[in-house]
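Geometric and topological summary
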Amino acid sequence: MSEKSALVHDLEQVVEPTHVVWRPEDLLVYEYDGSIDRNNPGAVVVPSSVEQISEIIKIARKHNAPVVPRGAGTGLSGGAISMEGAVVLALTRLNKVLEIDKENRVAIVEPGVVNLELGQAVAPYGLQYVPDPSSQSACTIGGNVGENAGGPHCLAYGVTTNHVLGMEVVLADGTVTWLGGDAREVPGYDLRGVFIGSEGTLAVVTKVAVRLVPQPEAIRTMVAAFSSVEAASETVADIVASGVIPGAVEMIDRLCIEAVEPAFHPGYPEDAQAILLVEVDGLRETVAEQAELVEELCRKHGTTDWRTAEDEEERETLWASRKKALGALGRLAPNYYLIDGVIPPTRLPETMSKINALSDELEIPIANVLHAGDGNLHPCILFDSRQPEQVEKALIAGGRILEMCVEVGGALSGEHGIGLEKQGYLPLVFTDEDLEAMARLKPAFGAAGMFNPGKIFPTDEQREGIPHAAIMQRLTSDMVI
Amino acid sequence: MTDTYELDGITPSRIERPDSVDALSATLKQINDGAQSAVLWGGGTRMHVGNFVSKYDVAVDMTGLDQIVDYRPSDLVVVAEAGMTVSALQAELGKNNQRLPFDVQSPDSATIGGSLASNNVGPLRNAYGGIRDMVIGMSVVQADGTMTKSGGSVVKNVAGYDMARLHIGALGTLGAISTVAFKIGPIPQTMRTVAAWFDSVEAAAVAGMRITNGSFMPEAVIVVAGARAVTHAKELATQNSGSASENAVVLVIALAAGPATVERQVQDTTSTLGAAMADGFVVLDGADQGTSWKLAGQPGGTPSLAIRSTQKPTSALELVSTLSKSSISGDIHLVGQVGFGTVEAYWNGETSAIPGIIESARSAAHNVGGALMIERCPPELKSDLDVFGDLGAPLEIMRRMKQQYDPKGTLSPGRFAGRI
């Protein structure tokens, strides 16, 4: 039987003891997030107000305990996993939409508001919040800010940073302040901009002012099947190059089709090797103009099956097949390791071929879902985490894919962040000087050593050794899955 | 003065014009090591923005860095050096029927780096956001000469902190922007301008809001008041065999998309204008559109005072109304980007009247929750005021930023908020 630490005792003075988790068996629940990694937190506290958060941070500081803010834990790069015994600050009770200002198209929300619920709350006003990560039925706005989250509809409309006007944060000394505000810009250094996507390492978000946009007058969702991934990829490259920027251009490959067809029955042709899901929105005339061009390009590249969603129900089925594809992968393997890499869209055909070749070479299946229009790949490496050699193979494959992205001028992450997963790979893109400049943001925010330690920046071991060695060690040391 | 690199009455003792990023790095290192201070110059079109520089030894002219580093039209990405002018970049992109969807004042002189550093943005921000929303990667030479980069050259990238944001609007006080990667877009197939005139600023602003909150997002929407607006309204009215009052206020709307879409946008816009009781409107095509958009910029000559205030759109509407009516409205040119929430105002007048005008404008902005920045004022007034206004608690973080990135105060010391 373990005993309460002095830290836990102090935390219970601020938050009801039922909302402080400290027994090892209870902490196991917070060992994971959506990534394949895991580690035990020192304690978990679930506050209900900004005042409590400010007090918690002061207490943690007194005890030299770092703090990890956590939303829904859907992040896929290990951002919400506690390292170095950090206290997890779970923000799920701060879940209110505080204000919807229809005229100015702004909403003020608490960080624990679920992305989809924000969408539902503003829909009656004829408005929408654009960033729509595939995990939107669970992920929170606070988490979206932390990761600068994207989603299928970011192709035309931008990612979280383009839709968040400002946020109230609690700094490392407990001070509560706004970065940005409820207007489109504020004078001074753009602290809001540099904060978004900082993966919980600089401060804790307690309110977010989001920008809303009108719901489009018309939407058309179209599906095109192709007999090869390359043909689908060439089509995407042509759509992007044409200058028409659809709301979304998504792709799934054969393995994904095998998983989603029995799960959602979207009715994809049996022989399809790749499916493109393209959505255009706006005025009726815009939709007609863009849809015509998209269809022309799909036909030019030999689409084997072309259809347009007839009604909202069919549209939802088609989107479920894309957004819930990851869950359906459970039909194919016990685990998947999703890689978030980005490449220039013109390099899609060759990169997709290389990923297929890698899958053959390592004899490990890789299912591909892509935000194809912006070159954001999500290869899902299928494996069984009970088999250490498969875990290692998955990690090796992931590393190889990231290297491929960098080789063609791409990026290590499009929307999931670096977290624990990719810190070892950052030196592929950034020099020591680049990373040093980034690291100075922490002292500038007064946050050195205080928030989400052990994330983003590579350790010396990772720089010198195998980038995924630390994850491998954590995953295989006490395998209980 | 661009030729002498004089700033607020100070002339530097030396001028450097590096022609490569390496040379820029060496230059800054030398200045930093020698405990001197440098002011970075682009085209010199917005050097009036910012507080008084407290120490200015060397002018570093960035216009030698004027090359396109990488341009991949099919990926909608361009990487260019910071000293390239906005016009030169747009001309290159135009060859492929592409553009960077942002409009700056004086694009023939304004450089990319200077436009970013001084947050030089025009009305197109209504649809496309500020220039900061188009930056996908940036290289920066730090005050001590260290070369750093962040982001990359793909349109989606969250690897590492988004450091570029820090340098946009920073007036070159945290580092020298050396190259920038932008997400670019196609030049729209069809472009139209609808210019309308009203007999009150409120009516024009309300119509502008209604159009912005309508069925689609226009590229740009501005409300313009003042003598130039009256003159322009009269010209437009003459073309239309109508008339405009002595208090006329102009509303200008930019529409751009495919031909069928624009036709519909014109219909929706003009029907809103009719319902909003516009005194008249014209739909402009081709080169005729340019005249109305000239109103967006500062008046000819150098105004004595220029302010920019940003707030929620409804508050911008109130502010436009207050400024146009107050006793300070005399010789004013007022531009409200009502959808975005920005209000810009320019005055010409006696220096002695300026402090009073500043006080009234600040109080009007404060009353509607706006954040007002003085973009231009007579240098002799700058010693007594912080042109950024009171930034509150975040100012402390900004001070620490400066401490981290330019500890010796090499880059335009004193010029930023709180005289950082």
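Because the structure is a prediction, the values reported are computed rather than measured. Per chain, residues are indexed from 1 in the order of the written sequence. As they are written, the chains are lettered A onward and the ligands numbered 1 onward, keeping that order. Restriction of local features to residues with pLDDT of at least 70 applies here, the model being predicted, together with a cutoff of 80 or more for giving and counting side-chain atom pairs; totals for whole chains, interfaces and linings are based on all residues. Side-chain measures here rest on the full set of heavy atoms in the structure, leaving out hydrogens and waters.

Quick word on the overall build of chain A
Convention followed: Secondary structure is summarised from DSSP: a helix means a run of H or I of at least four residues, a strand means a run of E of at least two, and numbering begins at the N terminus for each. With C-alpha atoms as the basis for the radius of gyration, the globule rule is written as 2.2 Å multiplied by the number of residues raised to the power 0.38. Think of it in three bands: with a 1.4 Å probe and only protein chains considered, a residue is buried below 20% of the maximum accessible area for its type, exposed above 50%, and partly exposed in between. Any two residues whose heavy atoms approach within 4.5 Å are treated as being in contact. Calculation of accessible area relied on Shrake-Rupley with a 1.4 Å probe; when residues are assessed, cover is drawn exclusively from the protein chains displayed. The charged-residue count follows a simple rule in which Lys and Arg add positive charge and Asp and Glu add negative charge, with His and chain termini not counted at all. Here the site of a charge means NZ on Lys, CZ on Arg, CG on Asp, or CD on Glu.
Scanning chain A for helices and strands turns up 18 helices and 19 strands. Taking 481 residues into account, the globule formula puts the C-alpha radius of gyration at 23 Å, and chain A, at 22 Å, falls close to it. Its C-alpha atoms give chain A principal-axis dimensions of roughly 65 × 55 × 45 Å. Counting all 481 residues of chain A, 62% fall into the buried class. The long-range fraction of contacts in chain A, counting pairs at least 24 apart against all pairs at least 6 apart in sequence, stands at 72%. As displayed, chain A offers around 16700 Å² of accessible surface, 49% of which is attributable to carbon and sulfur atoms. For chain A, the separation between the mean place of its 37 positive charges and that of its 70 negative charges on side chains is 4 Å.

Regarding the sheet that holds strand β4 (residues 87-90) of chain A
Sheet strands pair via backbone hydrogen bonds, and the direction of the pair is either parallel or antiparallel. Residue and element names in this part refer to chain A. The following threshold applies: When DSSP finds two or more bridges between a pair of strands, those strands are recorded as paired.
On the basis of which strands lie adjacent, the open sheet formed by four strands has the order β1-β2-β4-β3 and mixed pairing. Of all the strands in the sheet, just β1 (20-21) and β3 (67-70) have a single pairing partner and so form its edges. The pairing of β1 with strand β2 (residues 43-45) spans two bridges and is classified as antiparallel. Counterpart to valine 20 in the pairing with β2 is valine 45.

Some words on the side chain of A:Glu279
Residue and element names in this part refer to chain A. Worth spelling out the cut-off: We define a polar contact as two N or O atoms separated by no more than 3.5 Å, with the added condition that, inside protein, one atom must be a possible hydrogen donor and the other a possible acceptor, whereas residues neighbouring each other in sequence contribute only through side-chain atom pairs.
Among the secondary structure elements, glutamate 279 is positioned in strand β14 (residues 274-282). A polar contact of 2.6 Å, which involves the side chain of glutamate 279, links it to the side chain of tryptophan 319. Not counting residues up to four positions away in its chain, the partners in contact with glutamate 279 are His153, Ile219, Arg220, Thr221, Pro246, Gly247, Ala248, Arg315 and Trp319.

Some details on the interface of chain B and chain A
As a reminder of what qualifies: Here the quantity called buried area is the total loss of accessible area, with a 1.4 Å probe, experienced by two parts when brought into contact, counted for both. By convention in these notes, a salt bridge is any Lys or Arg side-chain nitrogen within 4 Å of a carboxyl oxygen on Asp or Glu. Side-chain classes follow a simple rule in which Ala, Val, Leu, Ile, Met, Phe, Trp, Tyr, Cys and Pro form the nonpolar group, Asp, Glu, Lys and Arg form the charged group, and the remainder, Gly included, forms the polar group.
Counting residues at the interface gives 69 residues for chain B and 78 residues for chain A. Of the roughly 6100 Å² buried where chain B meets chain A, counting both sides, 58% is carbon and sulfur surface. The largest share of the area that chain B buries against chain A comes from B:Lys156, B:Val158 and B:Tyr161, three residues that together contribute 16% of it. Linking chain B with chain A are ten salt bridges. Put simply, B:Lys312 and A:Asp182 hold a salt bridge, and the shortest N to O gap is 3.7 Å. In this structure, the connection of chain B to chain A is made through 25 residue pairs in polar contact (both at pLDDT 80 or more). Broken down by secondary-structure element, the contributors of at least two residues to the side of chain B that touches chain A are β8 (147-151), α5 (164-167), α6 (201-212), α8 (259-275), β15 (305-310), α10 (313-325), β18 (371-376) and α13 (394-405) of chain B. Each residue belonging to the side of chain B that touches chain A can be placed in one class, and the counts come to 31 nonpolar, 23 polar and 15 charged.

As for the domain arrangement of chain A
Under the convention used in this document: Segment limits for the domains were obtained from an automatic or database-derived domain assignment.
One can read the domain layout of chain A as domain 1 (6-90) and domain 2 (218-407). Here the C-alpha centre of domain 2 of chain A lies 36 Å away from the C-alpha centre of domain 1 of chain A.

Points about the pairing of strand β11 (residues 190-198) of chain B
All names here are of chain B. Across the nine residues of β11, seven count as buried, placing the element largely inside the fold. As paired elements, β11 and strand β13 (residues 249-257) share nine bridges and run antiparallel to each other. Looking at β13, one finds that alanine 196 is bridged to leucine 251. When β11 meets strand β14 (residues 280-284), the two strands line up antiparallel, connected through five bridges. The residue bridging alanine 196 from the neighbouring strand is phenylalanine 281, located in β14.

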